[in-house]
Structure formats: structure tokens, C-alpha cells
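# A structural walkthrough
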Amino acid sequence: MSEQIDTILKLTSPELHADVRRVFEISQQFTMLMRTVSEQELQTLFMDQDNALLPDGSDVWVPTYEGSDLVGCLAHLRKCKHRAHRHLIWWEMGLRGDMDISCRAIADLASGLMDEALRMAERLVAPRYGAIEGGSFCVIGLGKLGGRELNLGSDVDPLFVWQGEGSTTGGRQSVPAQEYYMHLSRMLIRLMSERTVDGMVWPVDMRLRPGGDAAAIALHIDATVNFYLEYGQTWERAMLIKARPVAGDLLLGQVFVDGIVPFIYRRYLDYTTVAALADMKRRIDGQAGSGGIAAGFDVKRGRGGIREIEFIIQSLQLLHAGRNEALRVQPSMQAIDLLEQAGAIGAEDVLLLKQAYRFWRRVEHAIQSRRGEQTHKLQDDYSAYLTAATGIENIDVEMRAQAVIVETAFRKYIKPVGEDEQQVQGWLSGKVEGFDALDEAGAERMSQALQYVDECLSRGALPERSRVQVERILEQAMPRWLNDENGVTALESFSKLIRSISGRATWIDLMATHQGVLDWLIGVLSASQYLADHIVKDPSWLEWPLMTEHHETDIKQVCAKLDGLDVFDDVEQTLADIGRSVDQARLLCALAVDAHTADAMMVGAWLADVADAATSAVLRLCLFEMDLPKDFPFVALAMGKHGSQEMGLVSDLDMVFVLVHDEPAAHVGKRSRGEHAQRIGRRMIQYLSGKPPFGAGFEFDARLRPSGSSGVLVTSLTGFHDYQLNEAQTWEHQALCRARAAAGPENAKAAVEAVILEVLGQKRNAQTLAADVVEMRAKMLDHLGSKSDAVINLKQDAGGLVDIEFLAQYARLIFGSGSRRVIDMLKNLSADAPEAWLQSAQFLADTYRDYRQMENILRVELWASIGKLPGDASATEWETMRRHAAITSPDALRQRMVKVRLLFNDLLSN
């Protein structure tokens, strides 16, 4: 062998000499394979990474064998495999090349060998049995073969399907199609897995077929598809995710794969499947052992190993690919990237799991390359060997670290909560302890809530496993709720949730399977009564933590759904769709506020986008009902926080309706355009303010229209222009700073926007405007401000939201900025604005953002208003602020408000 190595070194670049020697030293299999290497192959084997040759299933690596003798066929297939494995081992252990490339190459090689073996099998059985005229046969690759991620020592898991009728012709014996394909399959298996002096090509494991060892080896395609659709089990759904035609009639194979899609992927999120997969993994743990990293550890089946990564990916595919067809892919690394894009798994988890997967696959292949054994277990001297084979120092430490990463992710996404608990308190037994810290009323309410849960579980609407799962959930939740001042209401909400779930055990399976969901639920039930009520009403919101990285995408989807409403045959259904979409958007925004994943400005923009889409949908509906053209020149002008895109969860719609036409009196049909416009306005208010399911559910305020409540509902463009230029008061121009055309034809909206710009662009006397602003603000303080030190009105009191809004509107009217949002009006001051304004702008903008954050948090967590903040720092509102907000005490708030008020007086007096 030393002579061969010397020859190799002469043909190899000096930079690779150490790698060549190392591979020969550590891999007995490679040394054995090199005994049959040809001189021609030596010229191309030991190349660097850029030039290395890797096998595939083409004729270059699996040339066609024309002979019809069994011995020749067996030898040819094994020769092809040996050549390919030499290149693969050099790539992995010599060059330490990319494992994804290696696994794909191995799978493609196996597919090519299987396809060649099938052609051989047809020739070998033909003399005796002939063939089925018009028949076809396909090998479906399952497991790692189907996923194009095969390893060097793996089985191949095929499924044989066929289609045809009648009996064979052309052979010594005629047999029915079913028998013929059985003989063909057996010959194919023999060619692949029979051990000869040259070894075997690949072990073939047929146990994954329907019925296992007791079933026919080859199955008719229709019977196989029907079996899965009618009798398939959860583990078969996970297994078939990777099903891929690999040899034979690939079109027939694709028909099979398409046929089983309804069995694999469900249109709803079925967390019962995840629970079943977790049970299956527990059984695997029992077979593989649960010991840590040591000799005998199974890198495939052991805890924190390859199988757990695959379970995570397959489980998430089963959950989400029913509604997202893009996730229906076989390779694990491709699937996990797509799952990240779909929001089913976080980016950090994806990065760590991909690193772990590739690490364990490298270790797995190094184990198998040592002696060519079909094993996944660490041997006695694994540490020194794996360090030499992989180049990874401190391999024991690295394996433990990777196992912890995988096990943590598995626990997060798959492992049932509380599984490691040896004992549980038995919260549903009626004999619980731990209520000592509660007052008598609180202890009684908790006891009643637990009793209610027990009654719900005892009614027979839920399977028996749900009781065990709920006990485990409570084992984690109750200690936290007992130490939370809102724990009593949290448990009461949980009891209502169990009642709401009723017979839909999948939601309990979700809570009991996904640790992230449970952690979120425990917190949100105690933090936000608003969210708790919505989750109880619609348990599908339990899925939200799986999508937390896609709030903006979710909102865009809501808007797209509203924008897509253009068939109005059923008015009530349309209004129900609009109301449901608006409600969904509000809850998505509330969830983002609770999770601290969106600030007040982002939430305000999302809510305004949805309000725009809802307003446009309602306008289209009104035009349809009144048989008016889609381009009827009616514009809904958004004012207030809607116009500036700074909405809160309960912001109303301040709107002005404008008819953009030179001749409002001209008739369209039996009515004038003006009359049509008035009817549109009235109907829009009805639909936008109607409570779901009969409307969008907004509060509506039309008092900002010209002449206020006494004015006509819809004004003409000319009337709007003349009023704003000649009659409008200062406060109306302040309101116009936020105005934005939200719905209507584009040219009509542009015409209204032009009038607004003209009005706002007028030259104004700074002192006169300041006096008007101060006077108006004083009236508001007198009528709307709090009159007690025990209460803070963060909106109306001196130094509150309105002070900052008035300053921003003054700045827009005097200095100009083209902005609508308060913080933008302040931050986008022109360079020639007074220095005092420029120095104060950032503080005012930051304070406004903090105030709005407090407003959203109070609404989400307590369904409370900023209009009555208690002055007592021990109040629940301030406990909530300490958890979520930048301003955490009444003293800190008062100090901020004092500074804002001083700036208000100072900036408007200069």
C-alpha cells in the first residue's frame, strides 16, 4: 500500500499530500476500496475542492450494462458503487467538503444505481416471465433517499408501485401483473442488496410500505393511494413528506406523489399530529437509549441527534404545508429555510439547527467511512478518530454542545411540556395546596376555576389524553399565576378557554406540545384581559406565537383580503368579511404590542392601512349597490390619527367626504351627482360604524366636515376649497395638517390633496397663529383636563399628548414640512426654524412616542384609557407600565409633562 501511496503522491498536488496520507491512515474502508482503483481513475480522484469529481446518477458514474447474466450485473453495480465511494470519502474526509453537496451526490448515485438495477431486473426476469404489455413500474424513494440526503452507510427505503392489466407475454411462463411485479421487485432487491465478494450496493429496507413485511412487495398504485387516504397513520404522513420518484417510470411516480398529498397535508393546523410524533420519538429514545455523549451514543437516534432535527422539520411541514404549498419539499435544509420564510420557525433556531444537522451528518459519515459499517454509534475510541477524520478539535465538547442545541429546539417545537416531571401536583384533583398567599375570595375563585376545567374535561368531548396534558400545562402555569396579581383572572380565562375548545383537542395538543406557545399563553392570560377574551372566543389565536416574526406580513395579508373584495352579491357576507378582517388586524396589533415587537408608530400605520382598505371596500360596496360606476368621483378624506397614520386600537374614523366634480347638480340616472354622494356618505357611515358582523366596527366622527355637525355630509370640491380658504378657523387648519385622501379614484384623491396643500401652504402670521393655538388649548384644558391630583389625563392635561400635537401642527403651518405624523412634523423642521424649536424637536418626538406606547399598553393589557391614570404608584396601571413602558411611575410622568408644558409655553410665546 505504501507503494500505491507513493504513486498517488507523485500524481497529486503537494498541498494535498497530508490529506491523502490522513485518509489512508484513518479509513480502513478507503484503503480497501483503493485496492481496485484503476490507473485512469487515479488521475482524477485526488483533486482539490474546486476540481473534485462527485458522483451522480448519470451514465458517467453508472454506465449501462448490456449483459443478461446475473453475476455480471451484480459485479457491474458494485464496481460503480466502489468508484463513487472512493470519490465521496476523499471529498468528505480528505477535503472535508460541503456535506449538503455530499449527501445529494450519494442520493443521486443511489437513484442511478437503482434505475440501472431495474433495467437489469427486467432483462433477467424476461426469459421466464416476459413482460406486461403497457405496464409501468416506479421506485419511490422514501426517507433520506427521497430527500436527497442519503448517507454512506444508510439503507435505502423504497416503495414499489406499478400499474398495468392482464398477464405477461413473451416468456416461458405467463403470470398475472401482480405476480410479475413481485418477481421484478425481488430481482431488483437482490441486485441491490445481495452480498457478494464485492459486498452489496445498498441494503434495501422494504418495511415502510403499507402493511409492512406482511404486504406484497410491489403494490398497485391505486390501491396504495387509497390505503393511505383511508387508513394511513401519523408516522406514515411524516415518512411520505420525502416521497420522490427515483427510478423507473417517473411520471407514474409523480402521479402517486400527487395522489397522497391530501393524506400528508391537512388544510388545518393539526397539532394532534405533533403529539403523535413526539410519542413516536419517545419510543425511539427507548430503543436507542437516552445516555449522553459516550461510546455507544447513536448520533442518528440519540437525544439531540439527527432524528430530532428531522422531527422538528417534518412536524412543522405537516402543520403548515397544508396551507402553504411552497413548504412541500423533500430536502431537510431546503425545507427549514422555507419554514423560516413562512414564519414557522425563528431565524436563530434555523441557523443553529442547520449547523447542528451538518455537524452530525459529518460525524455520521466519518463513523461509517471508517470500516464501511452500517452504524450510527460512537465506538470506544471515537474521540481521537473523529478529531482526525473531521478536523474538529475538542469533538466531545462540540458534540455535547450541538446535542443541547438540538434538544432545546426539540423541546421548544415538539416535546410535550412537563414530560420530564416525575410528579405533578394534580391541580384537577380538588386536593391542591398553594393558595395560602391568596385572600379568601381569590382562593375560592381559583378553586372554582379549576373545578370548571375538571368538569369540562369530564364531559367526554375531549379524549382522555387531554386530562394528562392539561395537568402538565397547569403544573407550569399555576406557580406563575399564584405569584401574579392577575393570576386569578388568568386561571379563570384558562378555564373558559378549555370550555371554548370543547371537542377540538388539537388546541390542547398545541399547548401541550409547543413550549413557546404555552409560555406565551401563561403570560398573556395574566397580562391582557383584551387578548385573553379574544383567545377564549377564538382559540385559533393560539397559533400566533408560531408567526411572531411576520406582523407586517400578516397586516398586508389582511389589507390584501380587503382589497380583493369585489363581488358583492351577498351584502351581509361582505360586511361580515370586512368586520372580521378589521377585528383580526386589531388583535394582531394588540399581540405585537404585548410582545414588544412593534412600537406605537408601526402599530398606528398598520391600523391606518387596514382602515384605508376597509373604507375603500365599503365605498366599492356602496357604488355597487347604487349601480354607480367604479370611478364615481367620491373621496373619503381621513382626518385625525387615521389621516396621520397614528391610530390606536380604539381610534375612531374622523372623515370628510368630498365630491370631486364641477357640476354636482348634473344627473346620473334619476338623481344628481350630489344626491348620490349624500346617499353614499350616509351608507358608508352605516357600514363603517356597524358592529360586526354587520359592519367594520369603527366609531365614526364626521364633525370635522365644513360647518361641523350642522353642515352637509358631503361637500363639493369647490365648496371644500372655498370654505378652507375663507371660513375655516385655525383649529380646522390644524386638523387639516393630518388630512389624507384614503379612498376614491386616484385623480379625485389627487385633486383633494392639492386643495389641502394649497391651504396649508398659505403664509401665516406666527404670533396670530400662536395666540389662536394657545387660546384653543386653554379652552380644552378648562373643559377636558382632569381637575384632581389623584388622576392624570395623559391626553388632555397640560404637558400631555394634545400639547405636543398642537406644537407639531403649529410647526407644520408656520415652518412647513410636508409631513402628517406628529413626530415627522417635529423632526422634519426646515433648517431656518428657530433654534429653540430645533433643539426641542427630538425630545418632543421621543416623548410623543413614549406617550403613545403607554396608550397602547394600557389598552392592550388592561383595556384602560390614558384619560384616567391614577396618581398612586402602587396602582395596577403602574405595575403594567413597569413591565412594559419607558415611563414607569406617576412621578416620572408628571416630570415629563411639566417639561412638555414649559416647552409649549416657551415655543409659542417667541
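Residues numbered from 1 in each chain as written. Predicted model: local features only at pLDDT ≥ 70, side-chain atom pairs only at ≥ 80, totals over all residues. Heavy atoms only, no water.

## Side note on the overall build of the protein
Helix and strand content of the protein: 38 helices and 13 strands. Counting only C-alpha atoms, the protein reaches 105 × 75 × 70 Å along its principal axes. Accessible area for the protein stands at about 38000 Å²; split by element, carbon and sulfur atoms hold 49% of it. (Helix = DSSP H or I, 4+ residues; strand = E, 2+ residues; numbered from the N terminus. Areas by Shrake-Rupley, 256 points an atom, 1.4 Å probe, with all protein chains shown as cover.)

## Focus: helix α29 (residues 673-689)
An ideal rise of 1.5 Å per residue puts 24 Å on 17 residues; α29 measures up with 24 Å between its terminal C-alpha atoms. Every buried residue of α29 is listed here: Arg673, Gly674, His676, Ala677, Ile680, Gly681, Met684, Ile685, Tyr687 and Leu688. (Expected span 1.5 Å × (residues − 1). Buried < 20%, exposed > 50% of the residue type's maximum accessible area, 1.4 Å probe, protein only.)

## Remarks on the packing of helix α30 (residues 717-726) against helix α32 (residues 746-760)
For any two helices packed against each other, one specifies the crossing angle of their axes together with the interaxial distance. Contact geometry for α30 and α32: axes closest at 10 Å, N-to-C directions at 10 degrees. Looking at the two axes, α30 sits roughly parallel to α32. Contacts between α30 and α32 pair Leu717, Phe720, His721, Gln724 and Leu725 from the former with Ala751, Val752, Val755, Ile756, Glu758 and Val759 from the latter. (Axes fitted to C-alpha atoms, helices over the stretch in contact; angles between N-to-C directions. Parallel < 35°, antiparallel > 145°, perpendicular 65-115°, else oblique. Contact = heavy atoms within 4.5 Å.)

## Some points on the sheet that holds strand β3 (residues 218-220)
Spatial ordering of the open sheet is given by β3-β2-β1-β4, a layout of four strands whose pairing is mixed. Pairing within the sheet leaves two strands with one partner each, and these edge strands are β3 and β4 (244-248). Taken pair by pair, the neighbouring strands of this sheet meet at an average axis angle of 35 degrees, ignoring direction. Looking at chain direction, strand β1 (residues 136-142) and strand β2 (residues 157-163) are connected through seven bridges and run antiparallel. Paired with Cys138 across the bridge in β2 is Val161. Taken strand by strand, helix α6 (residues 99-129) contacts β1, β2 and β4, and its axis lies near 40 degrees from that of β4. (Pairing = 2+ DSSP bridges.)

## Details of the pairing of strand β6 (residues 653-659)
Across the seven residues that make up β6, a large majority, seven, are buried. The alternating pattern of β6 places Leu653, Met655, Phe657 and Leu659 and Asp654, Val656 and Val658 on opposite faces, both of which are buried. Here six bridges tie strand β5 (residues 634-639) to β6, and the two strands are oriented antiparallel to one another. When the bridges of β6 are listed, Leu637 appears paired with Val656. Note: β6 against strand β9 (residues 700-701), two bridges, orientation parallel. Opposite Leu653, over in β9, you have Phe700 as the bridge partner.

## As for the state of the cysteines
Overall, the coordinates contain zero disulfides when judged by the stated rule. This cysteine, Cys589, is not joined by any disulfide, and Cys559 carries the nearest cysteine sulfur, 9.5 Å off. (Disulfide = S-S within 2.5 Å.)

## Focus: the packing of aromatic side chains
With the rule as written, the count across this model stands at 21 aromatic pairs. Residues Phe568 and Phe624 carry aromatic rings whose centres are separated by 5.6 Å and whose planes lie at 55 degrees to one another, so their mutual orientation is tilted. Placement of Phe568 in the loop between α25 (551-563) and α26 (571-595) and of Phe624 in helix α27 (residues 600-625) is noted, with a sequence separation of 56 residues between them. For Phe624, a relative accessible area of 44% corresponds to the partly exposed category. (Phe/Tyr/Trp six-rings, centres within 6.5 Å; stacked < 30°, edge-to-face > 60°.)

## Considerations on the environment of Asp583
In this fold, Asp583 is placed in helix α26. For Asp583, a relative accessible area of 25% corresponds to the partly exposed category. Taking the C-alpha atoms as reference points, Asp583 and Ala366, separated by 217 residues in sequence, lie 55 Å from one another. If sequence neighbours within four positions are ignored, Asp583 has contacts with His534 and Lys537.

## Some details on the environment of Gln734
Secondary-structure assignment places Gln734 in helix α31 (residues 730-736). Look at Gln734 and you get buried, because its relative accessible area is 2%. It is 7.6 Å that separates the C-alpha atoms of Gln734 and Phe806, two residues lying 72 residues apart in sequence. With sequence-adjacent residues up to four places away left out, Gln734 is seen in contact with Val773, Phe806, Gln809 and Leu813.

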